[in-house]
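Report on the structure
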Amino acid sequence: MMRQVRRIDLRTRGLVASQFTGEYHSVFKGQGIEFVEVREYVPGDDVRTIDWNVSARTGQTFVKKYVEERELTVLLAVDLSASQRWGTRGRFKSEMVPEVAATLAMSAVRNNDRVGLLVFTDRVESFVPPQKGRRHALRILRDLLVFQPAERGTDLAAALEHARRVLRSRSIVFLVSDFQMEDEARARFERALGFIAVRHDVIPVVLADPADAEVPEVGVLRMMDPETGRAEYVDTDAAFERFAKAAKRERVELARVFRRLGMEEIELRTDRPVSTAVISFFRRRERRLRR
């Protein structure tokens with residue numbers, strides 16, 4: 001297990017140092033600005049920063065200097081239900097989780113932010129309160145690598161409600177899941193997502209596999225729902241088009257929910273590098289913030 005931790009740490013450390021730290025800092029702002037000192041005015045300074053009291057006392061023009069207050073809190077809310085143990089392109093969805101968690105946690109640590117972990121299935125199974133420091137980030141990575149869920153189902157709404165209760169200040173919540181759920185659960189999830197988004201910056205991290213949207217036409221297959229254990233025989237030749245349309249409709253509906261709440265997701269696919277998807281998200285978000 002420690003070998004896995006070191007391997008992921010080494011793989012992400014260079015990427016974080018060379019790419020992610022600057023991108024992370026530019027798209028996630030602190031809680032405000034903090035006054036540091038005054039200095040003499042130079043042409044081009046914003047006149048709104050002039051300290052009139054000091055300028056009047058000294059007879060020279062001084063401006064106030066501020067720095068951004070970082071002190072952010074990042075929560076990794078990770079779905080480890082049974083549907084994550086699925087993949088058709090060389091790895092399971094769950095195998096992408098430690099890598100993206102390490103990337104985001106190490107980026108936060110390099111910016112002196114706090115990082116916490118919430119693991120859930122159809123209930124909250126583990127919560128690690130946010131703290132600073134590389135050692136704490138490695139503890140989160142280790143926890144994810146060894147964690148064995150007690151349950152198989154998914155309850156995104158319960159996880160979001162728990163996160164809303166424990167996060168005392170405005171935070172960044174990376175919600176990591178494949179977002180596959182029944183209609184009733186989806187309605188509860190949308191309500192809970194709307195509530196937490198009022199105060200916190202929620203970023204959905206969608207775990208996906210090409211087979212989520214397609215069924216191979218190979219005749220009759222015995223298919224099982226990993227979360228409920230229900231199994232049935234499916235004629236894939238007849239179900240191919242119907243399944244593809246239903247999968248597309250669900251993706252479009254999920255994207256509509258995210259857009260309505262002003263969220264932009266990160267899509268991680270089992271057939272593509274995690275780092276490419278994360279850096280692409282950072283750059284899209286930075287361009288949007290500049291508009």
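Everything below is about the structure printed above this text.
Note that the structure is predicted; figures quoted are calculated from it, not measured.

Next up on the list: unusual backbone geometry. For N112, which is not glycine, the phi torsion reads 65° and is therefore positive. Residue placement: N112 occurs in the loop between α3 (97-110) and β4 (114-120).

The next thing to look at is the packing of α3 against helix α8 (residues 274-290). Two numbers describe how α3 lies on α8: the axes approach to 10 Å, and their chain directions differ by 40°. The angle between α3 and α8 falls in the class oblique. Considering only the axes of α3 and α8, their crossing is right-handed. Along the contact surface, α3 presents E99, V100, T103 and L104, while α8 presents V274, V278 and F282. Classifying every residue of the contact of α3 with α8 by side-chain character gives five nonpolar, one polar and one charged.

For the rest of this paragraph, the subject is the packing of aromatic side chains. Evaluation of the coordinates by the stated rule reveals six aromatic pairs. With a centroid separation of 6.0 Å and 85° between ring planes, the pair formed by F28 and F282 is classed as edge-to-face. Of this pair, F28 sits in the loop between α1 (2-27) and β1 (32-40) while F282 sits in helix α8, placing them 254 residues apart in sequence. Take F282: its relative accessible area is 0%, and that puts it in the buried class. Taken together through their ring pairs, the aromatic side chains of Y24, F28, F174, F281 and F282 make up a single cluster.

So, about α3. Side chains that are three or four residues apart share a direction in an α-helix, a result of its 3.6 residues per turn. For α3, built from 14 residues, the straight-helix expectation of 20 Å at 1.5 Å per residue is met to within 8% by its first-to-last C-alpha distance of 20 Å. Looking at the residues trailing α3, positive phi occurs at N112, about 65°.

Estimated volume of the second largest pocket: approximately 490 Å³. Looking at the second largest pocket, it is lined by 20 residues, and the ones nearest its centre are S94, E95, P98, L144 and L145. Mapped by element, the contributors of at least two residues to the lining of the second largest pocket are α1, α3 and α4 (134-146). Examining the composition of the lining of the second largest pocket, we find that four residues originate from one element, α1, more than from any other. Taken together, the residues that form the lining of the second largest pocket break down as nine nonpolar, five polar and six charged.

How each quantity is defined
- Residues numbered from 1 in each chain as written.
- Predicted model: local features only at pLDDT ≥ 70, side-chain atom pairs only at ≥ 80, totals over all residues.
- Heavy atoms only, no water.
- Helix = DSSP H or I, 4+ residues; strand = E, 2+ residues; numbered from the N terminus.
- Axes fitted to C-alpha atoms, helices over the stretch in contact; angles between N-to-C directions.
- Parallel < 35°, antiparallel > 145°, perpendicular 65-115°, else oblique.
- Left-handed = near helix turned anticlockwise from the far one by under 90°.
- Contact = heavy atoms within 4.5 Å.
- Nonpolar A, V, L, I, M, F, W, Y, C, P; charged D, E, K, R; others polar.
- Phe/Tyr/Trp six-rings, centres within 6.5 Å; stacked < 30°, edge-to-face > 60°.
- Buried < 20%, exposed > 50% of the residue type's maximum accessible area, 1.4 Å probe, protein only.
- Expected span 1.5 Å × (residues − 1).
- 1 Å grid on protein atoms, 1.4 Å probe; cavity = no way out; pocket = protein on both sides within 12 Å on 5 of 7 lines; lining within 4 Å.
- Points joined across faces, edges and corners; volume = space filled by probe spheres on them.

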